[in-house]
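# Structural overview for review
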Amino acid sequence: MPELPEVEALAGYLRERAVGRRVDRIEVAAISALKTYDPPPSAAGGRTVADAGRHGKFLDVRLAGQPDLHLVVHLARAGWLHYRESFPASTPVKPGKGPIALRVRLDDGSGFDLTEAGTQKKLAAYLVTDPALVPGVGRLGPDALAADLSTFAERLRARRGQVKGVLTDQEVLAGVGNAYSDEILHVAKVSPFALTNRLSDEQLAALHEATRQVLGDAVERSMGQRAAELKGEKRAGLRVHARTGLPCPVCGDTIREVSFADSSLQYCPTCQTGGKPLADRRLSRLVR
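All figures in this text were calculated on a predicted structure; none of them were measured in a lab. (Residues numbered from 1 in each chain as written. Predicted model: local features only at pLDDT ≥ 70, side-chain atom pairs only at ≥ 80, totals over all residues. Heavy atoms only, no water.)

### Remarks on the packing of aromatic side chains
As a reminder, the rule being used: Each Phe, Tyr or Trp ring (for Trp, its six-membered ring) is paired with any other whose centre lies within 6.5 Å, and the angle between the two planes then decides the class: stacked below 30 degrees, edge-to-face above 60, tilted in between. Only when the NZ atom of a Lys or the CZ atom of an Arg is both within 6 Å of the ring centre and within 35 degrees of the ring normal do we say a charge sits over the ring.
Inspection of every chain in the model, using the stated rule, returns one aromatic pair. One Lys or Arg, Arg105, reaches over the ring of Phe87 and ends 4.9 Å from the middle of that ring.

Here it is as structure tokens:
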């Protein structure tokens, strides 16, 4: 799933390539992906791309006008943005054909496709006058990369639960997902099952510093990359996530995994759980 660093890089790429260009039209290939109907997609035609940014893991493309419009996109688990210097034909993309959910054509013949692989279609696009009208944006907590230590600690302590789940709760902190939460916990040397209400001041400070380090480094690596290169760049920078069975780059212990119904987490026992493997989420005692 694209997380804060990848969405920030995609926004940066659009700022370089699309800002200043006029939208020719927006074509909707997957009706279920567009969650709004007023204003209609045709309202974007003729407007200039004024900026691109993000709200947590939501991409926001601002289209100038009276009032401005915002194309806000959540890429979900399998969505992505593909920038095209040109399209093979001017024929509108056919609904229901292939992975394309939405196509934005610009006045110079370039543009971008929003695509989604797999059968679970959860990519969501909204055309709104204010990003806060998007339900997911309106509920976001402070940005994970911008929160100071006091805000960070207050938000985590206010939501009791296992720290892995709390870090990925977008209402607590915006932008962290499954992959980077594993990385943050590894750098901070904290168990994914540690309870937030029992974290010491030192652990919270370590988690805050790790969040800034992990996300900051990932943004720095990703900025300037082509959209097609971002997924590979993310994988190359991971220490523990998706590296089950490989040696920990810090201590050499074997990276372990805990599986859930639709996801998994990875961790290093030596670095994070006092050398105790978490064999199963239902049977393992919480390691704090």
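### Some remarks on the pattern of salt bridges
Quick note on the threshold: Salt bridge, as used here, is a side-chain nitrogen of Lys or Arg placed within 4 Å of a carboxyl oxygen of Asp or Glu. Summary of the burial criterion: residues with accessible area below 20% of their type's maximum are buried, those above 50% are exposed, and those between are partly exposed, where the area comes from a 1.4 Å probe applied to protein chains only.
Counted under the stated rule, the structure contains 20 salt bridges. Across the pair Arg25 and Asp24 runs a salt bridge whose closest N-O atoms are separated by 3.1 Å. Taking the relative accessible area as the measure of exposure, Arg25 reaches 27% and is therefore partly exposed. Take Asp24: its relative accessible area is 43%, and that puts it in the partly exposed class. Between Glu27 and Arg105 there is a salt bridge, and its shortest N-O distance comes to 2.6 Å.

### A word on the side chain of Lys164
Selection criterion: Counting from the N terminus, the helices are the DSSP runs of H or I reaching at least four residues and the strands are the DSSP runs of E reaching at least two. Any two residues having at least one pair of non-hydrogen atoms within 4.5 Å are treated as being in contact.
Structurally, Lys164 can be placed in helix α4 (residues 163-167). Using a relative accessible area of 9% as the deciding quantity, one classes Lys164 as buried. Those residues in contact with Lys164 that lie beyond four places of it in its chain are Asn178, Ser181, Asp182, Leu185, Pro192 and Leu265.

### Thoughts on the sheet that holds strand β7 (residues 111-116)
Consider a sheet: its strands pair through backbone hydrogen bonds, and that pairing is either parallel or antiparallel. This is how the line gets drawn: Note on pairing: DSSP must find at least two bridges between two strands before they are called paired. Inter-axis angles, ranging from 0 to 180 degrees, are taken between N-to-C directions of lines fitted to C-alpha atoms, where helices are fitted over the stretch in contact.
Spatially, the four strands line up as an open sheet ordered β1-β6-β7-β5, and their pairing is antiparallel. Pairing within the sheet leaves two strands with one partner each, and these edge strands are β1 (23-28) and β5 (79-84). Between one strand and the next, the sheet's axes are offset by a mean angle of 15 degrees, whatever the strand orientation. Where β1 meets strand β6 (residues 100-106), five bridges bridge the pair, whose relative direction is antiparallel. Within β6, the residue paired with Glu27 across the bridge is Arg103. Sheet strands touched by helix α1 (residues 4-17): β5 and β7. Its angle to β5, the strand with the most contacts, is close to 20 degrees.

### A word on unusual backbone geometry
Between Asp38 and Pro39 the backbone carries a cis peptide bond, its omega angle lying at 5 degrees. With respect to the helices, strands and loops of the structure, Pro39 is situated in the loop between β1 and β2 (49-55). Residue Pro67 follows Gln66 across a cis peptide bond; omega there is 0 degrees. With phi around 55 degrees, Ala76 is a residue other than glycine that occupies positive phi space. Relative to the helices and strands, Ala76 resides in the loop between β4 (69-74) and β5.

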